[in-house]
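One-letter residues, chain by chain:
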Amino acid sequence: MNEQQQRKPARWVDPGEVPQHLKEKFQRRVLQAESSLQPPPWTRKLHAFSIVLSIGAGFYSVLYHDYGSHEHVFSPLRRWYFGKIRSFTTLSDTDVQELKSRGRPVE
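A brief structural summary. Everything quoted here is computed from the prediction, not taken from an experiment. (Residues numbered from 1 in each chain as written. Predicted model: local features only at pLDDT ≥ 70, side-chain atom pairs only at ≥ 80, totals over all residues. Heavy atoms only, no water.)

**Some remarks on the overall build of the chain**
Within the chain, the secondary structure is distributed over six helices and zero strands. Relative to the 2.2 N^0.38 estimate, which gives 13 Å for 107 residues, the radius of gyration of the chain is 35 Å and therefore markedly larger than a compact globule would have. Along the longest, intermediate and shortest principal axes, the C-alpha atoms of the chain span 100 × 40 × 15 Å. Counting across all 107 residues of the chain, residues that qualify as buried make up 6%. For the chain, the exposed surface amounts to about 10,300 Å²; the carbon and sulfur share of it is 58%. Averaging the coordinates of the 16 positive side-chain charges in the chain and doing the same for the 11 negative ones gives two points 5 Å apart. (Helix = DSSP H or I, 4+ residues; strand = E, 2+ residues; numbered from the N terminus. Rg over C-alpha atoms; globule rule 2.2 N^0.38 Å. Buried < 20%, exposed > 50% of the residue type's maximum accessible area, 1.4 Å probe, protein only. Areas by Shrake-Rupley, 256 points an atom, 1.4 Å probe, with all protein chains shown as cover. Lys, Arg positive; Asp, Glu negative; His and termini not counted. Charge placed at Lys NZ, Arg CZ, Asp CG, Glu CD.)

**Focus: the side chain of His 72**
Inspection of the secondary structure assignment puts His 72 in the loop between α4 (42-63) and α5 (75-89). For His 72, a relative accessible area of 16% gives the class buried. There is a polar contact of 3.1 Å between the side chain of His 72 and the backbone nitrogen of Phe 74. When near neighbours in sequence (up to four residues on either side) are disregarded, His 72 contacts Tyr 67 and Arg 78. (Polar contact = N/O pair within 3.5 Å; in protein donor to acceptor, adjacent residues only side chain to side chain. Contact = heavy atoms within 4.5 Å.)

**Details of a nonpolar patch on the surface**
A cluster of nonpolar side chains, Trp 42, Leu 46, Phe 49 and Leu 53, forms an exposed patch at the surface whose accessible area comes to about 480 Å². In this fold, Leu 53 is placed in helix α4. Residue class for Leu 53 comes out exposed when judged on its relative accessible area of 51%. (Patch = residues over 30% accessible without salt bridge, like charges linked within 9 Å, V, L, I, M, F, W, Y side chains within 5 Å. Salt bridge = Lys/Arg side-chain N within 4 Å of Asp/Glu carboxyl O.)

**Considering the packing of α4 against α5**
α5 packs onto α4 with a crossing angle of 100° between their chain directions and a minimal axis gap of 9 Å. Overall, the two elements α4 and α5 adopt an arrangement that is roughly perpendicular. Counting all contacts with α4, which are made through Phe 59, Val 62 and Leu 63, the residues of α5 involved are Leu 77, Arg 78, Tyr 81 and Phe 82. A breakdown of the residues in the contact of α4 with α5 according to their chemical character gives six nonpolar, no polar and one charged. (Axes fitted to C-alpha atoms, helices over the stretch in contact; angles between N-to-C directions. Parallel < 35°, antiparallel > 145°, perpendicular 65-115°, else oblique. Nonpolar A, V, L, I, M, F, W, Y, C, P; charged D, E, K, R; others polar.)

**What about the side chain of Ser 75?**
Along the polypeptide, Ser 75 turns up in helix α5. A polar atom in the side chain of Ser 75 sits 3.0 Å from the backbone nitrogen of His 72.

**Observations regarding the pattern of salt bridges**
The tally for this structure, following the rule as stated, stands at two salt bridges. Two residues, Arg 102 and Glu 98, come together in a salt bridge whose shortest N-O distance is 2.9 Å. For Glu 98, a relative accessible area of 39% corresponds to the partly exposed category.

Shown next as structure tokens:
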């Protein structure tokens, strides 16, 4: 017979007779097991950081990475995006005329 078959079941112990250090071990291992299985609080921040980093890397790779001078899959999106940026950062012809009429220098 092997060791598994020879082993006898543990005798029943009255809960009042259990030593204090075993009670504490039980409480630590069993009663607080749920709190030990929860992830640490910093993992939520790490998850948020990884999402922001992934979105930033995608934004950079689609809009700013140099794929060469040939037409590629992101070219229409890049033309639209940089057209919008250019329209936000430059003055229209009517704005330039209005500034000239006020006597302000236009660069």
